[in-house]
Amino acid sequence: MSILKNYTTALRSEFIKKKGTGTYWLCFSFGILVPIVYFIASFFLWEDNKKPVNIPFNFYEKHITEALASFQSFFFPLLIIIIAAKITQIDHKNGGWQLMETQPLSKFSIYLSKLSVLLIGNLIAIVSFLGSFVVLMLFLSLLKDVPEIVNTNIPFGFLAQLTIRIFAASLFLSIVQFVISVVFRSFILPILIGFFTMLGTLILDGFQIYKVWNPFTILNRTASNPTGSQLDYFFLYTEKISIIGFVMVTLIGFIWYQNKTFKRTFTKPKNLAKVLGIAVLGMLGMSYLLNPNIYEKHNRTVLSGTIESDENISKAYLIDKFINDTLAEIDIQDNKFHTVIKNEIPLEQYYVVFKASNQFYTEIYMSTNDSTNMNIQYLNNVPNFKTTTGTRLAENQYQPGGMFGGFSFAEFMINDNSYLERPEKVINTIYEEWEEKINESDKFRTPDNYAPQADFSERNKKITTINYLNIWNSFEEKLKVVNPEILKNTPEKIKEIKSSISLEDSSLITNESYFNYVMYEYTKQDTTDTDQITKRLHAISKLENKDFKDRLLFSSLKSSLKSASDSDERQKLINTYGEQISNPKLKSLAYNHFTTQEKLAKGNPAQDFVAQNLDGEDVRLSDFKGKYVVIDVWATWCGPCKVESPHFERIAIKNKNNPDIVFMAVSIDKKKDDWYLQAKTKSESVVQLHLSSKEEDTFSKAYDVESIPRFIFIDKEGNFVNSSMIRPSQNYFETIVNEELNSEQK
Amino acid sequence: MSEYIIQTKGLDFNFSKSKKAVDNLSLNVPKGSIYGFLGPNGAGKSTTMRLLTGIIPDDSDAIEIFGESLQKQLPEIFNRLGCLVESPALYLHLSGYNNLKYIAKIRKVDTSRIDEMLKIVNLYDDRNRKVKQYSLGMKQRLAIAMALLSSPEILLLDEPVNGLDPNGIIEIRKLLMRINQELGTTIFVSSHLLSEIEKMCTHVGIISKGKLRFEGTMRELSQNFGQCKITISLKNSKEILEKIPAEYNAIEIEAESKISLILSDKEMIPDFTKKLIDFGAEIYEIKIQEGLEEWFMSLTQ
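Being a predicted model, the structure only gives us computed values, none of them experimental. (Residues numbered from 1 in each chain as written. Chains lettered and ligands numbered in written order. Predicted model: local features only at pLDDT ≥ 70, side-chain atom pairs only at ≥ 80, totals over all residues. Heavy atoms only, no water.)

1. Concerning the overall build of chain B
Helices and strands together make up the secondary structure of chain B, namely 11 helices and 16 strands. Along the longest, intermediate and shortest principal axes, the C-alpha atoms of chain B span 75 × 45 × 35 Å. Sorting the 301 residues of chain B into buried and exposed places 51% on the buried side. Taking the contacts inside chain B whose residues are at least 6 apart along the sequence as the reference set, 67% of them involve residues at least 24 apart. Per element, the accessible surface of chain B, about 14,500 Å² overall, is 47% carbon and sulfur. Charge-centre separation for chain B: the mean point of 38 positive side chains lies 7 Å from the mean point of 40 negative side chains. (Helix = DSSP H or I, 4+ residues; strand = E, 2+ residues; numbered from the N terminus. Buried < 20%, exposed > 50% of the residue type's maximum accessible area, 1.4 Å probe, protein only. Contact = heavy atoms within 4.5 Å. Areas by Shrake-Rupley, 256 points an atom, 1.4 Å probe, with all protein chains shown as cover. Lys, Arg positive; Asp, Glu negative; His and termini not counted. Charge placed at Lys NZ, Arg CZ, Asp CG, Glu CD.)

Given below as structure tokens:
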């Protein structure tokens, strides 16, 4: 206990010693600097930065995120470097160490008291930063108008936690800089060491190279994750690393200070033993934290979540992206759900579709024996999907930066035809980049240091490989024309890349790149003079693996049925290939598609439907028999529809005096009021209709409406001219309509 | 022995393998003495001081203060021990007053004593000026004030009058002697100035090349070395020899025309020379062989 008594005496005497050095004033000024600049910038750029706000957020939390980065990555570490040097220089310059060592103070108290002066300075800087920030932002919120949806309560809890977290994150850097400043008597050397390490870190950051045990990186991590742990831990794992590193270096630093020289500290057996012991313990702790966490499989497949909403939402669906098959129906009670999914689910990205007044959806990665928890906000018809937790925590946040995670020189080379003369170079570049990307692909970590499960990483590797093989294939196509010699034998390196991918991997079937790759490989051999689609289907039908073949057939068939020009073609397609699908479910789906497309074929009758007009009266399609009908299927929340409707209206207005044709806009909005308000403002040359929920269902199925806007052209007898027109923004749309009208006149 | 407040037993220290800075040093400083630690520059005085204050760690545990091992009493011993080692350690950016306040805080001394101390060392009027504006003498005095602040039982001072003008030297001397007499403070002072030691100290220890050459009271010192040995080269040595009174002792015949003898003091040479001339001596040369200063200077060889 005498150590503590000594310590408070030492600390109080330190405060006398730093009088007139302006140390704490420096801390204070560094703290308020960034908020002042931020305040001024925000004040003048307020109007420019105004964006429509749909999702509620806290005013202070949002702005702090932006201001924190410059504080944490530059000003704060710079302050720490300077203050550590200043505090120790007071004694280096004046022979103070010796003076202190001839006072009744234990060396540990001397050491700890000086460290405390530094840490208190840090706290002053953090508090002045956050405090001045809040005050200035409060001021700003009073001067400027803040949208109502934004929460302007000061989040004290958040700020208190943030203060502690920033302090924890700064501990490691502080002790390292402190020890360097104690051990080296020069004023400038510790500052140079600190400053250049900081610069080095910033430069490496630009290349996206991070070392999480770097004290500067730890500070940056807190800034890039101001809301902290996604799993409700108080600290991020980087902050915990900082604390362990702090304890370790404090102890080792003290032993060094106590023994004065490097030699005495690290060569005398007793000291060396202590130092090594502490270092080993510290490293063990840090590597435990650095080791990425990977979730283990759950014992059931669970999809759960909560929805914060002003509506009562009762149902959601888990849907396969590929077949649009509903895998599970989810009951939602009191806007909460917890469903156990009985069927097997391969690792894929799935849609989770929520039925509210307007439908909204998101995509999640899931597989069998995963437990996934979603956190959703749905206010004012705007969905906001917060962090999805559970066993696929990392997977659901993973965002590869573009196809190649940034610039790919290989991709550039392929597109630049000048490299056609240097195929060797292209091959080498592809290979090197591929190798590099493969090694990097499992490096993703969440803020809490969770990594994706092994199956996901495997999958990503494969997809990366495929992307590179695809660009090789497009290059190969060009080479066939210019330099076919070189393609006689597949280059070794390309062979190696290819060998890591199977052409029958059903886990990748929903991936468009993989699909394209497989198709290319299979049709490459086919040199007959037929179209691509036939070549494809032909190649697929030769596959042995039933599952794979089924899926490929289904997907190709689906798109080729849709794009077939007449009934004969469709018939031929479904007969030849539909029969080859062995999976009964897929087979019947394929036949359904055939039927639907057939129904929508030119000359076939368009199914009648009933909708309500602006006056609330029932209107039927059949009411317009004897006239041409052009339909625009839209909704108020559909962006592309807004782009098309002026064009549609223009054509309608042009033909407003033509009694043979009627233009109508059919809305599938769930909320009739939303539709009414917008429809009322539109041109009267377009008949505005709204489908009730029930009718909308039947309509969508009958007309195979998978996306909007959708344009339908029906002739005088009520038969299809074209069930899926091009968009009116394209000039040809009008041409088609006019041609049809003119041919009638003949 | 408990009457010795500081004792070292065969203290050794070397900075490098080849040269020993302190070699088998056994000091014995009596309680209540003013002990002068004398030696030429580079003899090992500062090193010894630093060992005595624990600034240099003594791994051999050869130092005892207050009758107990120094190592065991660090750092609490500094409540009873004040020191000034090498150049004064002062915070230049603080005022004289604040420097003392700093020490007062650490040693838990009442702040009223600060003013007292400032007056004693004659710095009261300059107490609020920053120390970087002080002259060397003022700095020295302030450092001494800081060492004295907590009225320690032992004062260790390394060359305290270094850089002071004659007035300053006298003042410090008076101060030290006063506190020694009034408070019984044991003062251990190192210096390379023999004259200073002679005027102030009760005991003396002489060090050269790391080894202790002499230790004892001032009286013992002057007895051993206060006497002056001279050699006289003269023509008629035998004749004169018979004439020199018996009171002069240790007369030796060095050679045909050379005799040597010991006088109790260097100051007696002029009188003695006169006497010799009265005896009719024909003197070619009178040379001082050994005196405290000569002996002392020979130490630097």
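2. With respect to the pattern of salt bridges
If you walk through the whole model with that rule in mind, you get 34 salt bridges over all chains. Taking the shortest distance from any N to any O, the salt bridge between R392 of chain A and E395 of chain A comes out at 2.8 Å. Ionic pairing is found between D23 of chain B and K20 of chain B, a salt bridge with its closest N-O pair at 3.9 Å. Assessed through its relative accessible area of 38%, K20 of chain B is described here as partly exposed. In the salt-bridge network here, residues are joined through shared partners; they are K297, D370, R392, E395 and D455 of chain A. (Salt bridge = Lys/Arg side-chain N within 4 Å of Asp/Glu carboxyl O.)

3. A look at the sheet that holds strand β6 (residues 63-65) of chain B
Residues and elements named next belong to chain B. Across the sheet, 4 strands lie side by side as β4-β1-β6-β7; this open sheet has antiparallel pairing. Looking at the sheet topology across the chains shown, the edges are occupied by β4 (28-30) and β7 (68-69). Bridge count between β6 and β7: 2 bridges; the pairing is antiparallel. For E64, the partnering residue across the bridge sits in β7 and is S69. (Pairing = 2+ DSSP bridges.)

4. Looking at a negative patch on the surface
All names here are of chain A. There is a patch of like negative charges on the surface, built from E432, E435, E436, E440 and E496. No other element matches the 4 residues that helix α13 (residues 423-440) contributes to the negative patch. Taking the relative accessible area as the measure of exposure, E496 reaches 39% and is therefore partly exposed. (Patch = residues over 30% accessible without salt bridge, like charges linked within 9 Å, V, L, I, M, F, W, Y side chains within 5 Å.)

5. A closer look at the state of the cysteines
On inspection of all chains with the given rule, the structure shows 1 disulfide over all chains. The disulfide bridge from C638 of chain A ends at C641 of chain A, spanning 2.1 Å between sulfur atoms. Around the S-S axis, the bridge from C638 of chain A to C641 of chain A shows a dihedral of about 85 degrees and counts as right-handed. C201 of chain B takes part in no disulfide bond, and the closest cysteine sulfur, belonging to C83 of chain B, lies 18 Å away. (Disulfide = S-S within 2.5 Å.)

6. Examining the sheet that holds strand β15 (residues 710-714) of chain A
Residues and elements named next belong to chain A. One open sheet holds the 7 strands; their spatial order is β11-β10-β14-β13-β12-β15-β16, and the pairing between them is mixed. Each edge of the open sheet carries a strand with a single partner, namely β11 (618-620) and β16 (720-722). Shown here is a sheet whose adjacent strand axes are inclined to one another by a mean of 40 degrees, direction ignored. For strand β10 (residues 610-613) and strand β14 (residues 686-690), the ladder comprises 2 bridges, and the chain directions are antiparallel. Paired with N613 across the two strands is L689, which belongs to β14. In this fold helix α21 (residues 639-654) packs onto β12 (628-634), β13 (661-667), β14 and β15, with an angle of close to 160 degrees to the strand it touches most, β12. (Axes fitted to C-alpha atoms, helices over the stretch in contact; angles between N-to-C directions.)

7. A look at the pairing of β14 of chain A
All names here are of chain A. Burial of β14 is extensive: 4 of the 5 residues sit out of reach of the surface. In this sheet, β14 lies alongside β13 in parallel orientation, the contact comprising 5 bridges. Bridge pairing links A665 to Q688 in β14.

8. Some words on a positive patch on the surface
Taken together, the side chains of K5, R12 and K19 of chain A together with K105 and K108 of chain B present a region of like positive charge at the surface. By the element assignment, K105 of chain B lies in helix α3 (residues 96-107). A residue is classified by how much of its surface remains accessible, and K105 of chain B, at 35% relative accessible area, is partly exposed.

9. Concerning the confidence of the model for chain B
Where the model shows low pLDDT, its predicted coordinates should not be examined in detail. Residue and element names in this part refer to chain B. When pLDDT is averaged along chain B, the result is 84; 92% of the residues meet or exceed 70. Ranking the elements of chain B by mean pLDDT puts helix α11 (residues 292-298) last, at 67, and α3 first, at 93. Predicted complex metrics record ipTM = 0.80 and pTM = 0.77. (pLDDT = per-residue confidence, 0-100.)

10. Notes on the packing of aromatic side chains
All names here are of chain A. For the structure shown, the criterion picks out 47 aromatic pairs over all chains. Through successive ring pairs, a cluster of aromatic residues spans W97, F108, Y111, F178, F254 and Y257. Positioned over the ring face of W97 is K114, at 5.6 Å from the centre of the ring. (Phe/Tyr/Trp six-rings, centres within 6.5 Å; stacked < 30°, edge-to-face > 60°. Lys NZ or Arg CZ within 6 Å of the ring centre and 35° of its normal.)

11. A look at the nonpolar core
Counting 123 residues, the largest nonpolar core has F76 and I175 of chain A together with L142 of chain B as the members making the most contacts within it. A total of 16 residues in this core trace back to one element, the largest contributor, which is helix α3 (residues 59-94) of chain A. The next biggest cluster of nonpolar side chains, apart from the first, holds 49 residues, and it includes I430, W472, I497 and F515 of chain A. (Core = buried A, V, L, I, M, F, W, Y, C linked by side-chain atoms within 4.5 Å.)

12. Notes on the side chain of N6 of chain A
Within the fold, N6 of chain A resides in helix α1 (residues 2-17). For N6 of chain A, a relative accessible area of 10% puts it in the buried group. Other than its neighbours up to four places away in sequence, N6 of chain A contacts P104, L105, S106 and S109 of chain A together with E76 of chain B.

13. Focus: α3 of chain B
All names here are of chain B. Across its 12 residues, α3 extends 17 Å between first and last C-alpha, which sits within 8% of the 16 Å expected from 1.5 Å per residue. For α3, the buried fraction is high: 9 of the 12 residues fall into the buried class. At the exit of α3 stands K108, carrying a positive phi of roughly 55 degrees. (Expected span 1.5 Å × (residues − 1).)

14. A closer look at the interface of chain B and chain A
Interfaces are often sized by the amount of accessible area the parts lose when they come together. Between chain B and chain A, the contact holds 27 residues from the first and 25 residues from the second. Considering only the side of chain B, the residues that lose the most area to chain A are Y91, Y102 and I106 of chain B, jointly responsible for 26% of the buried surface there. Across the chain B-chain A interface, the total number found is 1 salt bridge. A salt bridge links R264 of chain A to D59 of chain B, with the nearest nitrogen and oxygen atoms 3.4 Å apart. It is α3 of chain B that provides the largest number of residues to the side of chain B that touches chain A, a total of 7 residues. Class assignment of the residues belonging to the side of chain B that touches chain A gives a composition of 15 nonpolar, 4 polar and 8 charged. (Buried area = accessible area lost by both parts, 1.4 Å probe. Nonpolar A, V, L, I, M, F, W, Y, C, P; charged D, E, K, R; others polar.)

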